[in-house]
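A closer look at the structure
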Amino acid sequence: MRLDPLPKGSLDPELERRLETALEFEGWQEAETIYGEVHPALDGADAVRRARALMDHAAVLRRLGKESEAASRESQAEKLVGAPIDRDPVAKSSVDELAEDSKKKQGWFKKLFG
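The structure contained in this document is the topic of the report that follows. (Residues numbered from 1 in each chain as written. Predicted model: local features only at pLDDT ≥ 70, side-chain atom pairs only at ≥ 80, totals over all residues. Heavy atoms only, no water.)

Moving on, we get to the overall build of the chain. The number of helices and strands found in the chain is five helices and zero strands. Secondary structure elements of the chain occur, N-terminal to C-terminal, as α-α-α-α-α. Out of the 114 residues in the chain, the part that is buried amounts to 26%. Long-range pairs, those at least 24 residues apart, make up 54% of the contacts in the chain between residues at least 6 apart in sequence. Taken as a whole, the chain presents about 7,600 Å² of accessible surface, with 55% of it coming from carbon and sulfur. (Helix = DSSP H or I, 4+ residues; strand = E, 2+ residues; numbered from the N terminus. Buried < 20%, exposed > 50% of the residue type's maximum accessible area, 1.4 Å probe, protein only. Contact = heavy atoms within 4.5 Å. Areas by Shrake-Rupley, 256 points an atom, 1.4 Å probe, with all protein chains shown as cover.)

In C-alpha cells form, the structure reads like this:
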C-alpha cells in the first residue's frame, strides 16, 4: 500500500509550520520531539492519515539511528491500515550531498593536477 503525504491543513497551522521547518532544515531531533504532539493531534483523524504520520515519524527516527523505534512505528502504521505499507525512498540530506560534491571536486582536481 502506498500512502500519500499528509495534506496541508491536517494539523494545527502552528504545529504544521514547526514540523515543516524542522524537516526542511534537517532538525531531526526537533522533528522527533514535535511528532510527540502530532500523533495526539491526529487522534480523531482517519487511519490512513495517522499511519502516514507514523511512517514519517519512523523516517525521522531512522535519521537519528533509532532503528527499533522506527520499526515499531512502522508496525503500528501497518496495523492501522491492515496491510503492508511501501517505504518511501530515503532522500539524501544536505550533509550527504555536500560530502558527495566535495569528493567529486577532489577527483576532478586530482585528475587535472595529480
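What follows covers unusual backbone geometry. The backbone of Glu-26 sits at a positive phi, close to 55°, despite the residue not being glycine. Structurally, Glu-26 can be placed in the loop between α1 (13-24) and α2 (28-41).

As for its placement among the helices and strands, Leu-15 is situated in helix α1. Judged by relative accessible area, Leu-15 falls into the buried class, the value being 7%. For the pair Leu-15 and Glu-37, spaced 22 residues apart in sequence, the C-alpha separation works out to 7.9 Å. With residues near it in sequence (within four places) discarded, Leu-15 still touches Ile-34, Glu-37, Val-38 and Ala-41.

Turning to the nonpolar core, a few remarks are in order. With 13 residues, the main nonpolar core has Leu-11, Leu-19, Ile-34, Val-38 and Leu-42 as its most contacted residues. Those elements that place two or more of their residues in this core are α1, α2 and α3 (47-63). In contact with Leu-42, other than residues within four places in its own chain, are Leu-6, Ser-10, Leu-11, Arg-49, Arg-50 and Ala-53. By size, the runner-up hydrophobic cluster in this structure holds seven residues, among which are Ala-51, Met-55, Val-81 and Ile-85. (Core = buried A, V, L, I, M, F, W, Y, C linked by side-chain atoms within 4.5 Å.)

Enumeration over the complete set of coordinates arrives at twelve salt bridges. Between Lys-8 and Glu-20 there is a salt bridge, with the nearest N and O atoms lying 2.5 Å from each other. Taken together, the positions of Lys-8 in the segment before α1 and Glu-20 in helix α1 put the pair twelve residues apart, joining distant regions of the chain. Assessed through its relative accessible area of 37%, Glu-20 is described here as partly exposed. As a salt-bridge pair, Arg-52 and Asp-56 come within 2.6 Å of each other at their nearest N and O atoms. Here Arg-52 and its partner Asp-56 are both found in helix α3, four residues apart, which amounts to about one turn of the helix. (Salt bridge = Lys/Arg side-chain N within 4 Å of Asp/Glu carboxyl O.)

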